[in-house]
Structures are given as structure tokens and as C-alpha cells.
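The lines below spell out each chain.
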Amino acid sequence: MLQNVCILGATGSIGQSTLKVLAEHPEQYAVFAVTGFSRLDVLVQICQQYQPKFVVVPKALQDQLHQACFEHKITQTEILTDNAGLEYVASHPDVDVVMAAIVGSAGLLPTLAAVRAGKRVLLANKEALVMSGDLMMQSARQSQALLLPVDSEHNAIFQCLPESYCVQPNIEHFGISQLLLTASGGPFLNMGRQELAAVTPAQACKHPNWSMGQKISVDSATLMNKGLELIEACHLFAVPEHLIKVVIHPQSIIHSMVQYIDGSTLAQMGNPDMCTPIAHALAWPKRIATTVPALDLFTQHRLDFQEPDHFSFPSLNLARMAMKAGGVMPTVLNAANEVAVDAFLSKRITFTAIPEIVESALSRIEYSPAMSIEHILAIDAQARQIASQDVSQKGR
Ligand code: NAD
Ligand code: MG
């Protein structure tokens, strides 16, 4: 039966890869709704090719999009705006699958709307889960939403777990001893602190193996991406933080591993292309074809592994600390990081100031349990304010 897909963040890197996978399977999937925050030309092209029922943009872009649709004779697509529009399409009764691929905290409410509506939610927007953690997992259990990981590491772990793990997420029951989260190390692997202080946004966004949006590219360069992923894995797989080990693996061929108490280590491998985890999460428990070439082990004959350098890349340990502390601390970590990354991208602070700003926010907001989504949004705003002040002080 044809499944209706809603793509939150269709103009981004994950959104575009999702459309590419869907285009290969028009008999199985229809694009029902798409959303974008900018790049109207891309949205118009998507509307022409996929003819969605709805497109969601910020209110400020509504008239411009209306005009562009008129000029391109797009008549089948209704334009909605802002958060109300995002939540409406994410929870629409005709939608079967929601791809949550908005970047950052802006994705929280629409992702949550999809979860609460009991959809099959393909989770790329890790920040939403980092911010809301237990509350999102609880909502998913209540609504029986199927929360499937698209982040390549979590998708790999999911593939290495027994199929019934999602019904009964219990590491002891299944004899799991540890999760190994692999990290490429980013573009600055093996650089020291002094050298890192002088790197530019353009250098940070040039990832050696993956082509991604700017924010996650910077997060990969600081290793905060792995920190956010550590928190994401704790929630998705109900595993305590101390049983998740980060392994630097520069080739990005093994996407993560699960170790069992009998000495087995299961790994998922493949060429680094997000179409693979997207296709897996779309079709699970079945498989659908992608254009990603099969791994050729004769050309890829070497796999290396090393420990992370916590001195030059302190972000990973900050995330571990925030997860260990629990409550609202991961929300604080995420908000301060978003502010700091934004400031680095617009050349207001140095690369090495990013973890300093995150650490300062974590030390200045006290622990409290996360009571509700409203509470989380208030803490998010408070952490942003503190981090913004720090940015102005450090600013050049
Ligand atoms: P991107 O910057 O390429 O795209 C982001 C999308 O979000 C765009 O469609 C943009 O229009 C939309 N958006 C941005 N700000 C918004 C706002 N305020 N309100 C509504 N929409 C907004 O990012 P990406 O690389 O595709 O990443 C998307 C998410 O997926 C991130 O959370 C990222 O961590 C995660 N992810 C990405 C990759 C990857 O390979 N790119 C891999 C794993 C996980
Ligand atoms: Mg990842």
C-alpha cells in the first residue's frame, strides 16, 4: 500500500537524500508534505517534481512562495506557515511516515507532534531527542509511535540488535555488554589545541567522508556531534552512558557496533552515504534498494581505530557529564552549543571557544529534573541567553 511521507526539513542535506530514496520507489511512497526554512527555489522544484499536498515555510516567505508557485503553475500544493503548519503536517491523519530532519531545537515541537500522533518517525534531528530525552521516549511508548534512528551510528546499532529489542529494550536480557559508537574524528583529527584555535568555518565544514549541513559539520569537527549521539543512544536504546564507548574510526566504514557478553562484536558496514540508513528506517523490517554502491573491501582494505583526544576535543566529555547529571542538563548543553556554533559560523568566536561556552553554561545553570516540554523550552531559552552573553564577551 502507498505510504504518505512528510519530510520536515526537505531542503536540507538529509531532506534531499530522503527525496532521492523516495524517488526510487514511487510505487511504495508518496511525498505528502514538505517543509523548508529558506531556499525557496529548492522547495518550488520539490513541489514541481513530487506534487505534495502541503508545503510549510516561515510566514515571512509565504507571499514569495505563493508568487513562485503561481509562476510555475503549481496548483495542487497548499502553503502553511510557522510552527502551527509544521505540527499540522507532522501529525496529519493521512501521514504514515515522518522524516524529522530539521536541524537543531527548531525541530523539537514538530518531531514531538509526530511522535504524539503515533507515526513512524525517522529520527535525524538528534537535538530534539537530546533536549527532551525521557519525555519524548515516554510519548512514543504512550502513542505507540515507532521511533527509528536515521543517524548512521544509531541505525547501525539498531541493525546489530535483536529485532525484538525495540519491544523490550533491556541490555541484560539480550546479553549486551557495550555499545561502540564510531566517530570519524572530523576534519581536525590529530590536531592540537593551538592549531585548533585558528581554524576557519570553511575548514570545519569540509568533512573528509560525509557531506552534511553546516551545523552538524561543525559539531563533527568539535566532537560535540559524538556527544549528542552518545545522549541520543542512551535514550533510544535504554543504555547507561558508561556502557557506551566512543571509538575514532577515520574511514567511516563501520558505522557502529554492539558487543555481547559471549565475546561477539557485531558491526554494520557500508559506504558513508545517508541514503542507506534512510532507506533502512523507511522500509524496516523489510529492505528497499538504494543507489549506494556495495562496499568493495578490496579497495577499502584498511580500517583504523583510535581513542578520542579529550584534551583537544573536550566537547565529548561535556556531553557525557550532562547525560550523567541528567534532568535539564542535556538541554543546556544543546542550547549553548547551538548558540556557540552559530557564533563560530558567523566568525564572532574562535573554534576553541565553542566548548568553553558550553562548559560555562553547564556550570551556571543548576540541575533540575525535566518536568515538561514547557519547562525544557524555558531552560533552552535561559541557556541561550547565558551563552549569548558569553559570545559577546569573547567576541572579536
Ligand atoms: P541542513 O542544514 O542541511 O538542513 C536543515 C533543514 O532544516 C533545512 O531544510 C532547513 O530549511 C530546516 N530548518 C533550519 N532551521 C529551521 C527552523 N528554524 N525552522 C524550521 N526549519 C528549519 O541539516 P542536515 O545536515 O540535513 O541535518 C538535519 C538534522 O539531521 C540535524 O539534526 C542533523 O544533526 C541530523 N543528521 C544529519 C546527518 C547528515 O548527514 N547531514 C547525519 C545524521 C544526522
Ligand atoms: Mg551520526
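Residues numbered from 1 in each chain as written. Chains lettered and ligands numbered in written order. Predicted model: local features only at pLDDT ≥ 70, side-chain atom pairs only at ≥ 80, totals over all residues. Heavy atoms only, no water.

What follows covers the UniProt feature "binding site: NADPH" (unreviewed entry) in the protein chain. With numbering aligned to this structure, UniProt lists the feature "binding site: NADPH" (unreviewed entry) at T11, G12, S13, I14, N125, E127 and G213. Relative to the assigned elements, T11 resides in the loop between strand 1 (3-8) and helix 1 (13-23). Its relative accessible area of 8% is what places T11 among the buried residues. Position of I14 among the secondary structure elements: in helix 1. Setting aside anything within four residues of it in sequence, one finds I14 in contact with M99, A101, A124, M274 and I278. (UniProt positions renumbered as here; feature names shortened; annotations may be inferred. Helix = DSSP H or I, 4+ residues; strand = E, 2+ residues; numbered from the N terminus. Buried < 20%, exposed > 50% of the residue type's maximum accessible area, 1.4 Å probe, protein only. Contact = heavy atoms within 4.5 Å.)

This part covers the sheet that holds strand 6 (residues 120-123). Across the sheet, which stays open at both edges, the seven strands sit in the order 4-3-2-1-5-6-7 with parallel pairing between neighbours. Both outer strands of the open sheet, strand 4 (78-81) and strand 7 (146-149), are each paired with one neighbouring strand and no more. Along the sheet, successive strands turn relative to each other by an average axial angle of 25°, direction set aside. Pairing geometry for strand 3 (residues 54-57) and strand 4, over four bridges, is parallel. (Pairing = 2+ DSSP bridges. Axes fitted to C-alpha atoms, helices over the stretch in contact; angles between N-to-C directions.)

To continue, consider the side chain of H25. Position of H25 among the secondary structure elements: in the loop between helix 1 and strand 2 (29-35). With residues up to four places along the chain from it excluded, the contact list for H25 reads I288 and A289.

The next subject is helix 1. Listed as buried for helix 1 are I14, G15, S17, T18, L19, V21 and L22. At its buried positions, helix 1 is contacted by strand 1, strand 2, helix 2 (40-50), strand 5 (97-100) and helix 12 (275-283).

The subject of this paragraph is the UniProt feature "domain: DXP reductoisomerase C-terminal" (unreviewed entry) in the protein chain. Look at the UniProt record and you will see "domain: DXP reductoisomerase C-terminal" (unreviewed entry) annotated at residues 269-385. As annotated, residues 269-385 comprises 53% helix and 1% strand, and the C-alpha atoms at either end are separated by 41 Å.

The next subject is the pairing of strand 10 (residues 254-260). Burial runs high along strand 10: six of the seven residues are buried. Two strands pair when backbone bridges link them, and strand 10 and strand 11 (residues 265-269) are joined in this way by five bridges, in the antiparallel orientation. Pairing of M257 across the sheet is with A267, part of strand 11. Here strand 10 folds back onto strand 11 in antiparallel fashion, the turn holding four residues, of which G263 has a positive phi close to 95°.

Attention now goes to the coordination of the magnesium ion (ligand 2). Protein-derived coordination of the magnesium ion (ligand 2) comes from D151 (OD), E153 (OE) and E229 (OE), at a distance range of 2.1 to 2.2 Å. Each donor residue of the magnesium ion (ligand 2) lies on one chain, and together they are spaced D-x1-E-x75-E. Taken together, the positions of E153 in helix 7 (residues 152-160) and E229 in helix 11 (residues 224-237) put the pair 76 residues apart, joining distant regions of the chain. No difference in accessibility class separates E153 from E229, as the two residues are buried. (Donors = N, O, S within 2.8 Å, 3.2 Å for Na, K, Ca; no water.)

Once that is clear, we can look at the site of ligand 1. If you check the shell around ligand 1, you find 21 residues, and the closest are T11, S13, F37, E127 and G213. Take G9: an N or O atom from its main chain is 3.3 Å from an oxygen atom of ligand 1. Here ligand 1 loses 86% of its free accessible area of 830 Å² to cover by the protein chains. Of all elements in the fold, only helix 1 and helix 6 (126-143) reach the threshold of two or more residues within the shell around ligand 1. (Near = heavy atom within 4 Å. Polar contact = N/O pair within 3.5 Å; in protein donor to acceptor, adjacent residues only side chain to side chain. Areas by Shrake-Rupley, 256 points an atom, 1.4 Å probe, with all protein chains shown as cover.)

Turning to the packing of helix 1 against helix 2, a few remarks are in order. The description of two helices packed together rests on the angle between their axes and the distance between the axes. Running from amino to carboxyl end, helix 1 crosses helix 2 at an angle of 15°, the nearest separation of the two axes being 13 Å. Classed by the angle they form, the pair helix 1 and helix 2 counts as roughly parallel. The handedness of the crossing between helix 1 and helix 2 comes out as left-handed. Here helix 1 contributes Q16, L19, K20 and A23 to the contact with helix 2, which in turn contributes V42, I46 and Y50. (Parallel < 35°, antiparallel > 145°, perpendicular 65-115°, else oblique. Left-handed = near helix turned anticlockwise from the far one by under 90°.)

Below, the discussion takes up unusual backbone geometry. Residue P285 is bonded to the preceding W284 through a cis peptide linkage, with omega at 10°. Relative to the elements of secondary structure, P285 occurs in the loop between helix 12 and helix 13 (315-325). One non-glycine residue, R39, adopts positive backbone phi at about 50°. Locating R39 in the fold gives a position in the loop between strand 2 and helix 2. The backbone of S252 shows a phi angle near 50°, a positive value even though the residue is not glycine.

On the secondary structure map, F311 appears in the loop between helix 12 and helix 13. By relative accessible area, F311 is classed as exposed at 57%. Distance in space between the C-alpha atoms of F311 and G192 is 8.6 Å, their sequence separation being 119 residues.

Okay, the layout of surface pockets next. Over the atoms rolls a probe the size of a water molecule, and in doing so it shows where empty space is left. Quantified by volume, the second largest pocket comes out at close to 610 Å³. Lining the second largest pocket are 25 residues, and of these M137, R141, C166, P169 and L236 lie nearest its centre. Looking at the lining of the second largest pocket, the elements that each hand over two or more residues are helix 6, strand 7 and helix 11. Per-element accounting of the lining of the second largest pocket gives the leading share, five residues, to helix 6. Tallied by class, residues from the lining of the second largest pocket come to 20 nonpolar, three polar and two charged. (1 Å grid on protein atoms, 1.4 Å probe; cavity = no way out; pocket = protein on both sides within 12 Å on 5 of 7 lines; lining within 4 Å. Points joined across faces, edges and corners; volume = space filled by probe spheres on them. Nonpolar A, V, L, I, M, F, W, Y, C, P; charged D, E, K, R; others polar.)

Counting 140 residues, the largest nonpolar core has M99, I176, F188, F237, L282, L333 and I349 as the members making the most contacts within it. In terms of residue count, the dominant contributor to this core is helix 14 (residues 329-345) (ten residues). Filtering out sequence-adjacent residues up to four positions away, I176 remains in contact with L161, Y165, I171, V258, Q259 and Y260. (Core = buried A, V, L, I, M, F, W, Y, C linked by side-chain atoms within 4.5 Å.)

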